[in-house]
Amino acid sequence: MLKLYGFSVSNYYNMVKLALMEKGLPFEEVLFFPSQTPEALAVSPRGKVPVLGVKQGFINETSVILEYIEQTQEGPALLPGDPFQRAQVLALCREIELYIELPARACFAEAFFGMPVPDAIKEKSKADLLLGIASLGRHGKFAPYVAGESFTIADLYFMYSVNLACAVGERLFGLDFLEGLAQAKALLERLHAMPNAQKVAADREAAMPAFLAMIAAKK
Ligand SMILES: N[C@@H](CCC(=O)N[C@@H](CS)C(=O)NCC(=O)O)C(=O)O
């Protein structure tokens, strides 16, 4: 059986978890936190989460895990078969990760854990995020899903990265990043209302107190 290594508060972990659930695949969750210990690095070369455990070994990096699942497992397709449409979905995922997730992540410490982030980093993130969101607005279809007619892995990136970027926007910059993107905002709500997404969210809520306590202990 597939094993998903990580923890329920991780947004990247939750992208893979929801993909597995939407495909109706059995999997085992293995609690695993990012770490630089030799034991953790034997599972995850950069010590990050998530990792997928398969018969032959471990697969890291969310985008790679999602493509592996798509190529090897049954269930509803989360990537189009047509090469051009597939490229659009993969480009949207990459754009969300590089231009929205990563600049937002540079501000997570302050936005979510009360640990100040230098102003220069916040300013750079804000500028990058505004460009990233504008790019999403140009490339996303939101009709009804991010890449068009069907639910794809671009929706996974969208729902678990853009929501956190929006929280960063509100908390640190007093900005509503999706203000001019009503369809995107509505889609975000619809995606998080999906039954499996609600289960993922419930697990996240349940894991949050212990995670926050762990962060506080490290401060
Ligand atoms: N590029 C990685 C990023 C994964 C990532 O940043 N995961 C976070 C948890 S949400 C993590 O492991 N952070 C610990 C660290 O960066 O050391 C992927 O796509 O899987």
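One numbering rule holds for all chains: residues counted from 1, following each sequence as written. For a predicted model such as this one, the threshold for reporting local features is a pLDDT of at least 70, and the threshold for listing and counting side-chain atom pairs is 80 or more; totals across whole chains, interfaces and linings nevertheless cover every residue. Excluding hydrogens and water, the side-chain figures rest on all heavy atoms present in the structure.

The protein carries the name Glutathione S-transferase in an unreviewed UniProt entry, which gives Pseudomonas palleroniana as its organism.

Domain extents, as shown, originate in an automatic or database domain assignment. Looking at the assigned domains, one finds that the protein contains domain 1 (2-77) and domain 2 (83-195). By definition in these notes, contact holds between two residues if any of their heavy atoms fall within 4.5 Å. Contacts between the two partners involve 13 residues from domain 1, matched on the other side by 15 residues from domain 2. Of the roughly 1,200 Å² buried between domain 1 and domain 2, counting both surfaces, carbon and sulfur atoms make up 62%. Note on definitions: buried area is the accessible-area loss of two parts on being combined, 1.4 Å probe, summed for both. For the domain 1 face of the interface with domain 2, the top three residues by lost area are N11, Y12 and M15, together amounting to 42%. Here, a salt bridge means any Lys or Arg side-chain nitrogen found within 4 Å of an Asp or Glu carboxyl oxygen. Our enumeration of links across domain 1 and domain 2 arrives at 0 salt bridges. Polar contacts here mean pairs of N or O atoms no more than 3.5 Å apart (in protein, one a potential hydrogen donor and the other a potential acceptor; neighbouring residues in sequence count only if both atoms are side-chain atoms). Connecting domain 1 to domain 2 are 5 residue pairs in polar contact (both at pLDDT 80 or more). Breaking the side of domain 1 that touches domain 2 down by element, the ones donating at least two residues are α1 (11-22) and α3 (62-72). A run of H or I in DSSP counts as a helix once it spans at least four residues, and a run of E counts as a strand once it spans at least two, with each numbered from the N terminus. Element by element, the count of residues in the side of domain 1 that touches domain 2 is highest for α1, at 7 residues. Each residue is assigned to one class: nonpolar for Ala, Val, Leu, Ile, Met, Phe, Trp, Tyr, Cys and Pro, charged for Asp, Glu, Lys and Arg, and polar for all the others, Gly among them. Of the residues assigned to the side of domain 1 that touches domain 2, the class counts are 6 nonpolar, 5 polar and 2 charged.

The immediate surroundings of the ligand are formed by S10, N11, Y12, P34, K48, V49, P50, E61, T62, E97 and R105. At 2.6 Å, a side-chain N or O of K48 approaches an oxygen atom of the ligand. For the area figures, the Shrake-Rupley method with a 1.4 Å probe applies, and any residue is considered shielded solely by the protein chains shown. When the ligand sits alone it has 510 Å² of accessible area, and the protein chains cover 79% of it. In the shell around the ligand, the residues fall into 4 nonpolar, 3 polar and 4 charged. Whether a residue is near a molecule or strand is decided by its heavy atoms; if any one of them lies within 4 Å of it, the residue is near.

The next thing to look at is the nonpolar core. As used in this record, nonpolar core signifies buried Ala, Val, Leu, Ile, Met, Phe, Trp, Tyr and Cys residues forming a set joined through side-chain atoms within 4.5 Å. Burial classes follow relative accessibility: with a 1.4 Å probe on protein chains only, a residue under 20% of its type's maximum area counts as buried, one over 50% as exposed, and anything between as partly exposed. Grouped together as the largest cluster of nonpolar side chains are 70 residues, with contacts concentrated most on L156 and F158. With 13 residues, the single largest contributor to this core is helix α7 (residues 153-173). Mapping this core onto the domain boundaries places at least three of its residues in each of domain 1 (2-77) and domain 2 (83-195). Excluding anything up to four places from it in sequence, L156 contacts M15, L18, A19, L66, L78 and F151.

So, on to the packing of aromatic side chains. Geometry of aromatic contacts follows a simple scheme: Phe, Tyr and Trp rings, the Trp one being its six-membered ring, pair when their centres are within 6.5 Å, and the pair is stacked under 30 degrees between planes, edge-to-face over 60, tilted otherwise. By the definition in use, this model includes 9 aromatic pairs. Look at F108 and F112: their rings are 5.2 Å apart centre to centre, the planes differ by 65°, and that puts the pair in the edge-to-face class. You can see F108 and its partner F112 sitting in helix α5 (residues 108-113), 4 residues apart, about one turn around the helix. What makes F108 buried here is its relative accessible area of 10%.

This part is about helix α6 (residues 119-139). Along an α-helix, a turn takes 3.6 residues, which lines up residues three or four apart on a common side. Given a rise of 1.5 Å per residue, 21 residues ought to cover 30 Å, and the 30 Å separating the end C-alpha atoms of α6 matches this to within 8%. Contacts made by the buried residues of α6 are with α4 (83-105), α5 and α7. How far a helix is expected to stretch is found by multiplying one less than its residue total by 1.5 Å.

Axis lines are fitted through C-alpha atoms, for helices just across the contact stretch, and the angle between N-to-C directions can take any value from 0 to 180 degrees. Between α6 and α7, the shortest axis-to-axis distance is 11 Å and the interhelical angle comes to 135°. Accordingly, the angle class assigned to the pair α6 and α7 is oblique. Along this stretch, α6 crosses α7, giving a crossing that reads as left-handed. Between α6, through K122, K126, L129 and L136, and α7, the contact on the second element is made entirely by F158, V162, A165, V168, L172 and F173. The labels follow the angle: roughly parallel below 35 degrees, roughly antiparallel above 145, roughly perpendicular from 65 to 115, and oblique for the rest. What makes a crossing left-handed is the near helix being turned counterclockwise from the far one by less than a right angle; a clockwise turn instead makes it right-handed.

A few words on the packing of α1 against α7. At a closest axis distance of 9 Å, the pairing of α1 and α7 adopts a crossing angle of 155°. Taken together, the axis directions place α1 and α7 in an arrangement best described as roughly antiparallel. Read as a crossing pair, α1 and α7 show a hand that is right-handed. Seen from α1, the contacting residues are N11, Y12, N14, M15, L18 and A19; seen from α7, they are L156, Y157, M159, Y160, S161 and L164.

Paired through their backbone hydrogen bonds, the strands of a sheet run either parallel or antiparallel. When DSSP finds at least two bridges between two strands, those strands are taken to pair. Spatially, 4 strands are ordered β2-β1-β3-β4 in an open sheet, and the strand pairing comes out mixed. Looking at the sheet topology across the chains shown, the edges are occupied by β2 (27-31) and β4 (57-60). Looking at each pair of strands side by side, their axes are set apart by 25° on average, direction ignored. When strand β1 (residues 2-6) meets β2, the two strands line up parallel, connected through 5 bridges. By the bridge assignment, L4 is partnered in β2 with E29.

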